[in-house]
Protein chains: 2
Amino acid sequence: MLSKLYSQNIGKRSVIRECFEYSKQRAAVIGAENVFDFSIGNPSVPPPAEVDKAIVNIMENLNPIAAHGYPSAEGDSAVRAKIAENLNKKYGTDYTEKNIFMTTGAAAALGICFNSLTDRDAGDEIITFAPFFPEYTVFVQSAGAKLVVIPADIDSFQINFEEFEKAINEHTKAVLINSPNNPCGVVYSEETIKKLAAILEKKQREYGRSIYIISDEPYREIVFKGFEVPYVPNYYDNTLVCYSYSKSLSIPGERIGYIAFTNKAKHANILLGVIAAAARSMTYVGVPMMFQQVIKECDGLTSDTTVYETNKNILYKGLTEIGYTCVEPGGTFYAFPRSLEPDAVAFCEKARKYDLVLVPGDGFGCPGHFRIAYCTDTDKVERSLEKFRLLAEEYGVKA
Amino acid sequence: MLSKLYSQNIGKRSVIRECFEYSKQRAAVIGAENVFDFSIGNPSVPPPAEVDKAIVNIMENLNPIAAHGYPSAEGDSAVRAKIAENLNKKYGTDYTEKNIFMTTGAAAALGICFNSLTDRDAGDEIITFAPFFPEYTVFVQSAGAKLVVIPADIDSFQINFEEFEKAINEHTKAVLINSPNNPCGVVYSEETIKKLAAILEKKQREYGRSIYIISDEPYREIVFKGFEVPYVPNYYDNTLVCYSYSKSLSIPGERIGYIAFTNKAKHANILLGVIAAAARSMTYVGVPMMFQQVIKECDGLTSDTTVYETNKNILYKGLTEIGYTCVEPGGTFYAFPRSLEPDAVAFCEKARKYDLVLVPGDGFGCPGHFRIAYCTDTDKVERSLEKFRLLAEEYGVKA
């Protein structure tokens, strides 16, 4: 008598959540310091001090009725203007507040884009590339469209262009990318973005209509030495950027981000209206006001994320020395090595013997790999290497 | 090339927003103090001091990583337990945290309930009663169901039971009520709730399946002398309560509320799971963490809302003395008198001559009436009566 769809989905909790629950139980037995829980991508560093300062400032200086009053659907004008100004400085764009729509985090931003670009049950397709964040499937289905997954190029985790070109057809409404990538940490090179843009320009001409890039960028600010994240709208006009402050400011619980688009986008003059209409129908009334004001002060800042790079260096060097195969992460706080047997689920199960809690790649559309979320303290990362060594020995892998 | 549905909806801004924009423009010309803007239901009193105290407490005493970390999908356990405890004290229920699902305000709560109780494009119907909040139409359609509206009983704004019974059929999945009511301020009497429950019990037996009440209760705490709001789950087991702190704590911009259901609900054992699955597919990841912690401290408190009752008394007495017909509001900060000509849109247009900004009842499914949102200062309410008198004179109405 309840919704059939959602009744079926009860208890289908994510593998990541299951890992997290297992870790908690195991920690109760042997102590949290002895459980190498690499399952959850929760930032391990505090927000910058400016976040608290901004909150104090709001309480001391703003009229409390206005400060907590109804937001406008698009977000506070001054906040959006500030974000536009910062993006212009950083990327040479020509944004104003009219290019920015505030959202309650990247999940909302993505859902709103999927709904804005597709028609329900019309056979519309959105292409993405393995490995990818599992919620993409849920959110695209929920918009009544179909997620088409291009298999990973597991040697580089750049794009498998041959498969990509074959997958584009008259139903393709958008291409969804995520660089720096969850779960593999890889950053798309400028060459990759240029090639992607060139193919899409060609296909737009071929089909006589727009194909958008949806660029999911919550990790844009977490980039390691030697890597750079190209700003996609500077390479392809029809781009919708979905941004979140969850990782850059370590505030995933406050649910704040935005959608940005350039003035060169084909539908620039109506995009903000379509986005607002889609958000409204999804029951989004507006973005929490206090953290909009926080963002006005803190956009452009980041937490001190150097620990992620330290951990990456230790893990990448350590794991490859042991004999694991891993593409070097260029950002995020994830690595995505190959499992030592083809069945990554069995491999991750075996890893638990050494109290390593790892997430199999299957849920990310990339079997034979596992995700390590190294947003944790460096001491634990260092101590984990011995465990990874013992696990490898079981498989007869020796450095 | 963008979504057809949402492209059509561009610029369909609500009448209320249009009024609000008009008021701003007019205020720039004649001064805000001379515009009697009764259009927007934005609380006019500040949050209780405990809200700021709770925020300071979070900053001083909680680990900032956890305080701003990912929320669990259902909401923080301790917050939900506190809400359950307070409801039990107030209404004699037997809730635990398992009966509460946190949401980003009542809009999200409603959307999640609609999705949880209906199947998309299966002909499912949700019945509501005029006058009703216009967004109901958008949210129900967006779940792929149909909103069926029962015409108002304009003499009492209780329920037109004859029409209601006729409208219930094999497609009826839920009945959506809103008491105290936006836009008319009327509170359903205990007699009304009992009769509603009795009819639904009978219809459940007749059709051999559940029909839920969805009780939208953002104004539950704003009730005037001589009125009481019956707690619906104590009269009907299959009730989903949608609550919001927007009005009780004057924090509509922070988007926080919850869904509650009793242990006697037919699907009590699976409801939390279905609700979580629906919320997930709508891209709701969780409710902002800082304000969840605020609610743990402030649930059960309210802003000082006495000004709303003062204003109601002045307006109700004043308008009826002038000759307007109005059902006495039992709560909220709205009144919903009859317009002095059948066309409420024309009437509200005429009212602007006197700088009275009023919202016609048509959008609320109840033509021939207009809404006054008197969440404003009492001086303005008092001064407005002369304007209402002049307006009435134009129609030849004399006290």
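Residues numbered from 1 in each chain as written. Chains lettered and ligands numbered in written order. Predicted model: local features only at pLDDT ≥ 70, side-chain atom pairs only at ≥ 80, totals over all residues. Heavy atoms only, no water.

*Asks:* Is there a simple way to think about the packing of helix H5 (residues 77–91) of chain A against helix H11 (residues 289–298) of chain A in this case?
*Replies:* Between two packed helices, the angle of one axis relative to the other and the distance separating the axes together describe the packing. All names here are of chain A. Remark: H5 packs on H11, axes separated minimally by 9 Å, with the N-to-C direction vectors making an angle of 30°. Relative to H11, the element H5 is oriented roughly parallel. Crossing geometry of H5 relative to H11 is assigned as left-handed. In this structure, H5 uses Ala78, Val79, Lys82 and Ile83 to contact H11, whose residues at the interface are Gln292, Gln293, Ile295 and Lys296. Looking at side-chain class alone, the contact of H5 with H11 contains 4 nonpolar, 2 polar and 2 charged residues. (Axes fitted to C-alpha atoms, helices over the stretch in contact; angles between N-to-C directions. Helix = DSSP H or I, 4+ residues; strand = E, 2+ residues; numbered from the N terminus. Parallel < 35°, antiparallel > 145°, perpendicular 65-115°, else oblique. Left-handed = near helix turned anticlockwise from the far one by under 90°. Contact = heavy atoms within 4.5 Å. Nonpolar A, V, L, I, M, F, W, Y, C, P; charged D, E, K, R; others polar.)

*Asks:* Got a minute to help me understand the interface of chain A and chain B in this structure?
*Replies:* Accessible area lost when the parts come together is the quantity often used to give the size of an interface. Across the contact, 75 residues belong to chain A and 75 residues belong to chain B. Summed over the shared surface of chain A and chain B, the number is 4 salt bridges. With a shortest N-O distance of 2.6 Å, B:Arg280 and A:Glu135 are connected by a salt bridge. Applying the counting rule to chain A against chain B returns 26 residue pairs in polar contact (both at pLDDT 80 or more). Mapped onto the side of chain A that touches chain B, the elements with two or more residues apiece are helix H1 (4–8), helix H3 (49–61), helix H4 (64–67), helix H6 (105–117), helix H7 (135–142), helix H10 (268–281) and H11 of chain A. Here the residues of the side of chain A that touches chain B are counted per class, giving 38 nonpolar, 23 polar and 14 charged. (Salt bridge = Lys/Arg side-chain N within 4 Å of Asp/Glu carboxyl O. Polar contact = N/O pair within 3.5 Å; in protein donor to acceptor, adjacent residues only side chain to side chain.)

*Asks:* Quick question: what am I supposed to make of the pattern of salt bridges here?
*Replies:* Two side chains bearing opposite charge may form a pair once their charged atoms approach each other closely. If you walk through the whole model with that rule in mind, you get 42 salt bridges over all chains. Between B:Asp155 and B:Arg338 there is a salt bridge, with its nearest N and O atoms 3.0 Å apart. Linking B:Asp155 in the loop between strand E4 (146–150) and helix H8 (161–167) with B:Arg338 in the loop between strand E9 (334–335) and helix H13 (344–351), this pair joins segments that are 183 residues apart in sequence. We classify B:Asp155 as exposed; its relative accessible area is 62%. Residues B:Glu163 and B:Lys166 are paired through a salt bridge, measuring 3.5 Å at the closest nitrogen-oxygen approach. Highlighted residues: B:Glu163 and B:Lys166, both in helix H8, separated by 3 residues, approximately one helical turn. Assessed through its relative accessible area of 31%, B:Glu163 is described here as partly exposed. Residue B:Lys166 is classed as exposed on the basis of its relative accessible area of 59%. Put simply, A:Lys90, A:Glu217, A:Arg220 and A:Glu221 are held in one network by salt bridges that share partners. (Buried < 20%, exposed > 50% of the residue type's maximum accessible area, 1.4 Å probe, protein only.)

*Asks:* I tried to follow the relation of the copies chain A and chain B on my own but got confused; where do I start?
*Replies:* The relation between the two chain copies is a rotation about an axis coupled with a shift along that axis. Between the two copies, chain A and chain B, the superposition gives an RMSD of 0.0 Å; the rotation angle is 180° and the shift along the axis is 0.0 Å. Both copies of the chain, as the preceding transformation shows, are related through a two-fold rotation axis. The position closest to the rotation axis in chain A is occupied by the C-alpha of A:Met282, lying 3.3 Å away. The fraction of interface residues of chain A whose copies in chain B are also interface residues reaches 100%, indicating that both copies meet through the same surface. (Least-squares fit on C-alpha atoms with pLDDT ≥ 70 in both.)

*Asks:* What should I look at first to understand the environment of B:Gly323 in this one?
*Replies:* Here B:Gly323 is to be found in the loop between helix H12 (306–322) and E9. When the C-alpha positions of B:Gly323 and B:Val397 are compared, they lie 6.4 Å apart, and in sequence the two are 74 residues distant.

*Asks:* When you look at the pairing of strand E6 (residues 212–216) of chain B in this model, what are you seeing that I'm missing?
*Replies:* Each regular strand carries side chains that alternate between the two faces of the sheet. All names here are of chain B. The buried count for E6 comes to 5 of 5 residues, which makes it a mostly enclosed element. Here E6 shows no split at all, with Tyr212, Ile214 and Asp216 on one side and Ile213 and Ser215 on the other all buried. Inspection of the sheet shows strand E5 (residues 172–177) paired to E6 by 4 bridges, in the parallel sense. Opposite valine 175, over in E6, you have isoleucine 213 as the bridge partner. In the classification by handedness, the crossover that spans E5, the intervening helix H9 (residues 190–207) and the parallel E6 is right-handed. The pairing of E6 with strand E7 (residues 239–244) spans 4 bridges and is parallel. Note on E7: the bridge partner recorded for aspartate 216 is cysteine 242. (Pairing = 2+ DSSP bridges. Right-handed = clockwise from strand over helix to strand, strands pointing away.)

*Asks:* I keep staring at helix H14 (residues 378–394) of chain A and nothing clicks. Help me out?
*Replies:* Residues that lie three or four places apart on an α-helix share one face, since the helix turns once every 3.6 residues. Residues and elements named next belong to chain A. When the terminal C-alpha atoms of H14 are compared, their 25 Å separation across 17 residues agrees well with the 24 Å that a helix rising 1.5 Å per residue should span. Approximately 25° is the largest bend angle found in H14, and it occurs at serine 384. Of all the residues in H14, the buried ones are Thr378, Lys380, Val381, Ser384, Leu385, Phe388, Leu391 and Ala392. As for H14, its buried residues are in contact with strand E1 (36–37), helix H12 (306–322), helix H13 (344–351), strand E10 (356–357) and strand E12 (370–373). Glycine 396 sits one or two residues past H14 and shows a positive phi near 75°. (Expected span 1.5 Å × (residues − 1). Bend = angle between axes of the 7 residues up to and from the residue.)

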